[in-house]
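# Residue-level structure breakdown
One letter stands for each residue in the lines below.
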Amino acid sequence: MADASIARPAAPARTSDGLGQLLARHGALVGLVLLVLFNLAFTPNFVSWQTLNVNLTQVAAIVIVAVGMTLVIATGGIDLSVGSLMAISGALAPLILLGQILPMPHPLLAVALAFVLPVLVAGAFGWFNGFLITRYRIQPIVATLVLFIAGRGIAQVVTNGNLQVFRNPEFQVIGLGRLFGIPVQVILMLILVAGAAWMLRRTLFGRQILAVGGNEQAARLAGIPVASVKRRVYLISGLCAGLAGLVVIAINSASDANLIGLGMELDAIAAVAVGGTLLAGGRASITGTLLGALIIQLVRYTLLANGVPDSAALVAKAGLIVLAVWLQQGRKST
Amino acid sequence: MFQRQTPTPTPPLLVMRGIDKSFGGSPALRGAEFTLGRGEVHALIGQNGAGKSTLIKVLTGYHRRDAGLVEFDGQPFEVHSPHAAQAAGISTIYQEINLVGLRSVAENICLGREPRRFGLLDWRAMHAEARRLLGRFSIDVDVRRPLGSLPTATQQMVAIARAIGFKAKLVIMDEPTSSLDDREVEVLFDVIRQIRADGVSVVFVSHKLDELYAVCDRVTIMRDGTTVRSGPMSEIGKLELVATMLGRELTAVARQGATAFGAKAAHAAGEVLAVDQLAAGPRVRDVSLAVGAGEIVGMAGLLGAGRTETVRVVFGADPAAGGSMRYGGQPFRPTEPADAIARGIGFCTEDRKIEGIVPELSVRENLTLALLPHLTKAGIVDEAEQRRIVERFIQRLGVKCQSPEQPIRELSGGNQQKVLLARWLCMNPKLLILDEPTRGIDVGAKAEIQALIGELAKDGLAVLMVSSEVEEIIEGSDRAYVLRDGQTVAELTGQDLNETELLAAMAHGAHDSREYGHG
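What counts, and where the lines are drawn
Residues numbered from 1 in each chain as written. Chains lettered and ligands numbered in written order. Predicted model: local features only at pLDDT ≥ 70, side-chain atom pairs only at ≥ 80, totals over all residues. Heavy atoms only, no water. Helix = DSSP H or I, 4+ residues; strand = E, 2+ residues; numbered from the N terminus. Rg over C-alpha atoms; globule rule 2.2 N^0.38 Å. Buried < 20%, exposed > 50% of the residue type's maximum accessible area, 1.4 Å probe, protein only. Contact = heavy atoms within 4.5 Å. Areas by Shrake-Rupley, 256 points an atom, 1.4 Å probe, with all protein chains shown as cover. pLDDT = per-residue confidence, 0-100. Pairing = 2+ DSSP bridges. Axes fitted to C-alpha atoms, helices over the stretch in contact; angles between N-to-C directions. Patch = residues over 30% accessible without salt bridge, like charges linked within 9 Å, V, L, I, M, F, W, Y side chains within 5 Å. Salt bridge = Lys/Arg side-chain N within 4 Å of Asp/Glu carboxyl O. Polar contact = N/O pair within 3.5 Å; in protein donor to acceptor, adjacent residues only side chain to side chain. Phe/Tyr/Trp six-rings, centres within 6.5 Å; stacked < 30°, edge-to-face > 60°. Expected span 1.5 Å × (residues − 1). Core = buried A, V, L, I, M, F, W, Y, C linked by side-chain atoms within 4.5 Å. Parallel < 35°, antiparallel > 145°, perpendicular 65-115°, else oblique. Nonpolar A, V, L, I, M, F, W, Y, C, P; charged D, E, K, R; others polar.

When helices and strands are counted, chain B shows 17 helices and 24 strands. Its C-alpha atoms give chain B a radius of gyration of 26 Å, near enough to 24 Å, the size a compact globule of 519 residues would have. With respect to the principal axes defined by its C-alpha atoms, chain B has extents near 75 × 55 × 50 Å. Classification of the 519 residues of chain B by burial places 55% in the buried group. Long-range contacts, defined here as pairs at least 24 residues apart, represent 67% of the contacts in chain B between residues at least 6 apart.

Let us look at the overall build of chain A. When helices and strands are tallied, chain A shows 13 helices and four strands. Relative to its length of 334 residues, chain A is compact, with a C-alpha radius of gyration of 21 Å against a globular reference of 20 Å. Seen through its principal axes, chain A has C-alpha atoms that stretch 65 × 55 × 40 Å. Residues classed as buried in chain A amount to 50% of the 334 residues present. Restricting to contacts in chain A with at least 6 residues of sequence separation, those with at least 24 account for 77%. Summed over all atoms, the accessible surface of chain A reaches about 15,100 Å², with 69% contributed by carbon and sulfur.

The next point concerns the confidence of the model for chain B. Parts of the model with low pLDDT should not have their predicted coordinates read in detail. Residues and elements named next belong to chain B. For chain B, per-residue confidence averages 86 on the pLDDT scale, and 92% of positions sit at 70 or higher. Of the regions scoring below 50 in pLDDT, residues 1–8 engages in two contacts with residues more than four places distant in sequence or in other chains. A low-confidence stretch, residues 252–256 stays under pLDDT 50, and its non-local contacts, those more than four residues away or across chains, total five contacts. Confidence metrics for the complex model read pTM 0.78 and ipTM 0.83.

Another point: the pairing of strand β6 (residues 90–93) of chain B. Residues and elements named next belong to chain B. The alternating pattern of β6 places I90 and T92 and S91 and I93 on opposite faces, both of which are buried. Bridging between β6 and strand β9 (residues 170–174) involves four bridges; their strand directions are parallel. The partner of T92 across the bridge, within β9, is I172.

So, on to the sheet that holds strand β11 (residues 218–223) of chain B. Residue and element names in this part refer to chain B. Strand order in the open sheet formed by six strands is β6-β9-β10-β3-β11-β12, and the pairing between neighbours is mixed. At either margin of the open sheet sits one strand with a lone partner, and together these are β6 and β12 (226–232). Pairs of neighbouring strands in the sheet enclose a mean axial angle of 20 degrees, with direction left out of account. One ladder, built from five bridges, connects β9 with strand β10 (residues 201–205); its direction is parallel. Opposite D174, over in β10, you have V205 as the bridge partner. Each of β3 (41–45), β11 and β12 is contacted by helix α8 (residues 238–246), which is oriented at about 30 degrees to β11, the strand it contacts most.

Here we come to a nonpolar patch on the surface. All names here are of chain A. On the surface, a cluster of nonpolar side chains totalling about 580 Å² of accessible area is made up of L29, V33, L34, L37, L40 and V47. Relative to the helices and strands, L34 resides in helix α1 (residues 19–42). Residue L34 is classed as exposed on the basis of its relative accessible area of 54%.

Okay, the interface of chain A and chain B next. Tallying the contact residues gives 28 residues for chain A and 41 residues for chain B. At the boundary of chain A and chain B, one finds five salt bridges. Between B:E383 and A:R202 there is a salt bridge; the shortest N-O distance is 3.2 Å. Where chain A touches chain B, the interface holds 10 residue pairs in polar contact (both at pLDDT 80 or more). No other element matches helix α8 (residues 204–214) of chain A, which puts five residues into the side of chain A that touches chain B.

This part takes up the packing of aromatic side chains. Residue and element names in this part refer to chain A. Evaluated as defined, the whole model comprises 11 aromatic pairs over all chains. Between the aromatic rings of F166 and F171, the centroid separation amounts to 6.0 Å while the plane-to-plane angle is 70 degrees, which identifies the pairing as edge-to-face. Judged on exposure class, the residue F166 and its partner F171 are both buried. Through a chain of ring-to-ring contacts, three or more aromatic side chains come together here, namely F115, F166 and F171.

With that settled, consider the side chain of B:E355. Take B:E355: it is sitting in helix α11 (residues 352–356). A distance of 2.8 Å separates polar atoms of two side chains, one belonging to B:E355 and the other to B:R312. Once residues within four sequence positions are removed from consideration, B:E355 is found in contact with A:N215, A:Q217, A:A218, A:L221, B:R312 and B:T349.

Glancing now at the pairing of strand β13 (residues 271–280) of chain B. All names here are of chain B. Across the 10 residues of β13, seven count as buried, placing the element largely inside the fold. The sheet contact formed by β13 and strand β14 (residues 284–292) spans six bridges and is antiparallel. Note on β14: the bridge partner recorded for A274 is A290. Connecting the antiparallel pair β13 and β14 is a turn made up of three residues, with G281 showing a positive phi of about 60 degrees.

A word on the pattern of salt bridges. Residues and elements named next belong to chain B. As enumerated under the stated definition, the model contains 36 salt bridges over all chains in all. Among the ionic pairs, D382 bridges to K377, the shortest N-O distance being 3.4 Å. Exposure remark for K377: the relative accessible area of 59% places this residue in the exposed category.

Residues and elements named next belong to chain B. Ordered in space as β2-β1-β4-β5, the four strands form an open sheet in which the pairing is antiparallel. At either margin of the open sheet sits one strand with a lone partner, and together these are β2 (26–36) and β5 (75–76). Here two bridges tie strand β4 (residues 67–72) to β5, and the two strands are oriented antiparallel to one another. Within β5, the residue paired with E71 across the bridge is P76.

We now examine helix α7 (residues 184–202) of chain A. When the terminal C-alpha atoms of α7(A) are compared, their 27 Å separation across 19 residues agrees well with the 27 Å that a helix rising 1.5 Å per residue should span. Along α7(A), the positions that sit buried rather than exposed are A:V184, A:Q185, A:V186, A:M189, A:V193, A:A196, A:M199, A:L200 and A:R202.

Below, the discussion takes up the nonpolar core. Membership of the largest hydrophobic core comes to 167 residues, with the highest contact counts inside it found for A:F171, A:M189, B:L273, B:L289, B:L431 and B:L464. It is helix α2 (residues 49–74) of chain A that provides the largest number of residues to this core, a total of 15 residues. For B:L273, the residues in contact, after removing those within four places along its chain, are B:L289, B:A290, B:V291, B:V314, B:R326, B:Y327, B:L431 and B:L464. Among the nonpolar cores identified, the runner-up in size contains 69 residues, and B:I195, B:I474, B:V482 and B:L497 belong to it.

Now for unusual backbone geometry. All names here are of chain A. Located in the positive-phi region is N160, a residue other than glycine, with phi close to 55 degrees. Positionally, N160 belongs in the loop between α5 (140–158) and β1 (164–165). Given the relative accessible area of 65%, N160 is considered exposed.

Positionally, B:G247 belongs in the loop between α8 and β13. Taking the C-alpha atoms as reference points, B:G247 and B:K430, separated by 183 residues in sequence, lie 35 Å from one another.

All names here are of chain B. The contact between helix α4 (residues 123–136) and helix α5 (residues 152–165) brings their axes to 9 Å, and the two run at 110 degrees. The angle between the axes of α4 and α5 places the two elements in the roughly perpendicular class. For the pair formed by α4 and α5, the contact residues are L133, L134 and R136 on the first element and M157, V158, A161, I164 and G165 on the second. Of the residues that constitute the contact of α4 with α5, the class distribution is six nonpolar, one polar and one charged.

Let us look at the confidence of the model for chain A. Residue and element names in this part refer to chain A. Averaged over chain A, the pLDDT score is 87; the fraction of residues at 70 or greater is 90%. The least confident element of chain A, judged by mean pLDDT, is helix α13 (residues 310–333) at 73; the most confident is helix α10 (residues 226–252) at 96. Segment residues 1–17 is flagged for pLDDT under 50; beyond a separation of four residues in sequence, or across chains, it makes 21 contacts in the model.

Given below as structure tokens:
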């Protein structure tokens, strides 16, 4: 691929490659392997298609949101509004499907619009987050708090607070369908992860994201359009949240604006942190985020499968985040 | 206290002797001395890194000294926090006023010693006290207003009133005039003279020479962590002051060969950049200069003269408030660095860590940060081409790194600077702005960088170089402008570009004989 004559071996690892270094560098992978080994030994019926599918199906929505969140965090920002944007998108889709917004001349057109419009609306709200942050220099945590609060309210107003139940096999492919035996949302998730990882590594936009997060002043002085880069990552985060909203309602055949994506922002941030992305920005790993989400999911599954209540699982999740952040700190100071 | 009654020589208020302080092995103070009389306004001056702020921080308890003796008001003085220093009678007023903007004037003045009645705040006493203190400086302001709603100058008066309220014997002012206009400066000086008359001593840190002479009685000059000169202000001329601060002998002849720039250009070709009566922010008031192709133009001046601020405007990093610029013969007013870069300008900043490198990224990515859009097809980076360019510049500039993939933060200062130079050189610029290109770089790398700059100019590059090093300006540049208090005060060329002329311009501004400017 690259010109072989000038390709050099990668930089040798830094001086002390102790256990701490190893953990900091590949902590997420090591953690996942340990979890799988533990389950192989102790959890009954762990090795089965069903276990795999259940876990992947449940984790897909988190990963989709966390991909967008990784890009936002890579610029040194944060997006608290993703859960609420999921609710907006999840509230809009049934309205479109049921023809309550516009009369639909053809059912397939309704399905197509139900896929596209909610995601675009969520994306527009995401762009609005970026606009607030870059135009008025509002801190990301405050700017996205606006839609974190208002977004769910909007979703409830749109649906009058009603639970919307629907059945539409064409639309629900995104939550219930399978391709070669693999759930469709898992395929979507993998495509997004691969695409984002490639984008971050190989494209101009990806490199600019990391430069902005690594040193915003230096990035500006090198001619990088900092504001535009930021607006685009929040747009992408909104689009991801919109898509995840569709997946969630498709699984449930129902849409409740109070519940869709509730607490999702924290799950996504946790996945990003556990995956080794620097919360201060400048270094990001999409595959790390995937591993981080899988770890959180598997911890929860492991505890539930072994009879530990869900409340205790929450504590375990918190412990994981503390561990991840601690490892990041250790790595930074080396 | 009783000593004050004795008529003959008053013992000094503060004596600091043999103060040592180092941070992580590198010494910031080496046997520094400082003596301050009672009721005296004392200028403390020095270049960047001379140690004046460290000395102040040792005095006010931010830092613990490694060695030395401090005596305050006749007693050995040992404080370990700014709070304790304040209680002992030393108040510090910083550039950025460290008061609470949202609280009222009265609350700020009484912060930490609020009058109470029955355990509750006694607002009436507080307001009366604030009015009394401000009244002494004939400042009329509603003491119930939030401090942040008042002009900076008034906020400073409040800070001073607060210090007096604490019965301060010593008030330290760190660049108090940097954000004041001329009239406000006068008011501040009146206040300073008044508290001096009350027997309070003032340490005055500023880079504006005229102000020092206007208000200070004595001066202490620091360089490289030691005290190099101390005496009455009236006995030290401006020129001597500047020379001492920079560590130059007044009679010294410029030594040839101390830097590695190489021979000077015989003549300059066409004009690349012209700046006319530029104004921006509080620090750039009237700057004019021109740079031609193949020419290295130096920009000299003391700290705070407005050099960095000027080049930031030229690069589009800060907005201009007045004046005009021409670049390549056309009017030029960049609003973003991207504009300047698109027109072929590069800018190596003074502070590599804060404005230069992206620490987490590799040498390769840092080097091509500005070039990246040109290495991209349909949004995808051509990594093979990128690697070729990076290899070429690493070799050409002799960057020492394990591989292009090494994170830049692991490189030495000199090698980081070379990467940042390469960031612009790979863009094939027409004009390169260098702000302190060799600061904090070891001697070897410094010579290499200086030689490189010389070579680049020979190939036709226009270079505008800000430097605080006298040798670098004299030997390195073909022509030099001197800035003083935000104004171009001299343009030196040929025989005139020597140390005597340079120091004279920095100290006095325009000579009668070589008036520079517009009227």
